[in-house]
Amino acid sequence: MSFSADVKNELILRSDSAVHCRIAELAGTLSVNGRFVDKEDGTKYLSIRSDIPALADKLSRLLYNVMERRFNFDPSYVESKHGYRIIIEDEMILQELIEKLKLYNADVYVESGELVTERTCCKKAYLRGAFLAGGSVSSPEKAYQLEIACTTENNAERLTEILSSLHLESKSIKRKNRFIVYIKDGDTISDFLGMTGGMNSLMEFENIRVLKEMRNSINRTVNCDTANINKVVNAASKQIDDIKLIEERRGLDSLPEQLKTVAEMRLLNPHLSLAELGERLSPPLGKSGVNHRLAKISKIADSMR
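Residues numbered from 1 in each chain as written. Predicted model: local features only at pLDDT ≥ 70, side-chain atom pairs only at ≥ 80, totals over all residues. Heavy atoms only, no water.

A. Highlighting the packing of aromatic side chains. Per the counting criterion, the structure on display carries three aromatic pairs. Ring centres of tyrosine 144 and phenylalanine 205 lie 6.0 Å apart, and the angle between their planes is 50 degrees; this geometry places the pair in the tilted category. Here tyrosine 144, found in the loop between strand E6 (135-137) and strand E7 (146-150), pairs with phenylalanine 205, found in helix H8 (residues 199-249); they are 61 residues apart in sequence, far enough to count as distant. Like tyrosine 144, the residue phenylalanine 205 is buried in the burial classification. Here the aromatic cluster, defined as three or more aromatic residues joined through ring pairs, consists of Phe3, Tyr144 and Phe205. Across from the ring centre of tyrosine 126, 4.9 Å away, lies the NZ or CZ of arginine 158, which sits over that ring. (Phe/Tyr/Trp six-rings, centres within 6.5 Å; stacked < 30°, edge-to-face > 60°. Helix = DSSP H or I, 4+ residues; strand = E, 2+ residues; numbered from the N terminus. Buried < 20%, exposed > 50% of the residue type's maximum accessible area, 1.4 Å probe, protein only. Lys NZ or Arg CZ within 6 Å of the ring centre and 35° of its normal.)

This is the structure:
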């Protein structure tokens, strides 16, 4: 099972005791996957889609809590992409639901008024409902990416405003016929999971992040050390080539005593860094001093070439 599915399964079990929060969560769900459908007699019915049975069960419970009526699934609607849907056809019940959730019709799609998210707790519940209806989150092992696919631009703007009011930075983009609200910052995704009630998912997310950051840090250190070693080896190889050239052409005795001492020490210790090489000299010499003398040796060798 994917990390995103685990998050949804946890949020499905999250239930607010306050009716106003239940209204907000239901409004968030309807804003993402609710539709008004025209009937042959000119009236409309409300269709609420659900991709998994557990979410459909939760929507049914929320409707019962909010409306104090039991709604059942439409057994004739089962397909691989959408799974289930709850149908509300009764005009009186539908009108009551529209009034309670401050719903209005945006073409065939559903949008809700701002009154249902005036409280901070209701904003969090609204986000939970929207995520359950059309959200996904990548495993932090792969990438930091949380998305909620909205049917209308207004719903996407509404989501970004709610997120911003909770100090969660997000952006939106149109993808085909959907408006995608997305978050790509790991800290912000962690905050989102915590605010919507996914505490176990938050802990798992953070554990994976810590391990990932540790591995990345180790890799960076290893890469840096490897690069430094390669740099030392390449430099030492060039220095030895220069010294051997001088030795073959003129002999090391042709060098001034200070340069000869460094040249002989380098030939005996090809693996040492400049600092380590300087410590072996008598008297000891600093890194810059060793580098300066080797640079002079290099110039002499280059002149011979």
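B. Region of interest: the layout of surface pockets. In this structure, the largest pocket occupies an estimated 270 Å³ of space. Forming the walls of the largest pocket are 17 residues, and the residues nearest its centre are Val232, Ala235, Gln239, Leu274 and Asn291. Contributing elements (two or more residues each) for the lining of the largest pocket: H8, helix H10 (274-280) and helix H11 (287-304). Grouping the amino acids of the lining of the largest pocket by side-chain chemistry returns eight nonpolar, four polar and five charged. (1 Å grid on protein atoms, 1.4 Å probe; cavity = no way out; pocket = protein on both sides within 12 Å on 5 of 7 lines; lining within 4 Å. Points joined across faces, edges and corners; volume = space filled by probe spheres on them. Nonpolar A, V, L, I, M, F, W, Y, C, P; charged D, E, K, R; others polar.)

C. Inspection of the nonpolar core at higher detail. Counting residues in each nonpolar core, the largest one holds 57 residues, and the members touching the most others are Leu26, Leu46, Leu101, Ile148 and Phe192. At eight residues, helix H5 (residues 120-134) tops the list of elements feeding residues into this core. In contact with leucine 101, not counting residues within four places along its chain, are Ile23, Leu26, Ala27, Leu30, Val66, Ser112, Gly113 and Val116. Leu245, Leu272, Leu277 and Leu281 belong to the second-largest nonpolar core, a separate cluster that totals 18 residues. (Core = buried A, V, L, I, M, F, W, Y, C linked by side-chain atoms within 4.5 Å. Contact = heavy atoms within 4.5 Å.)

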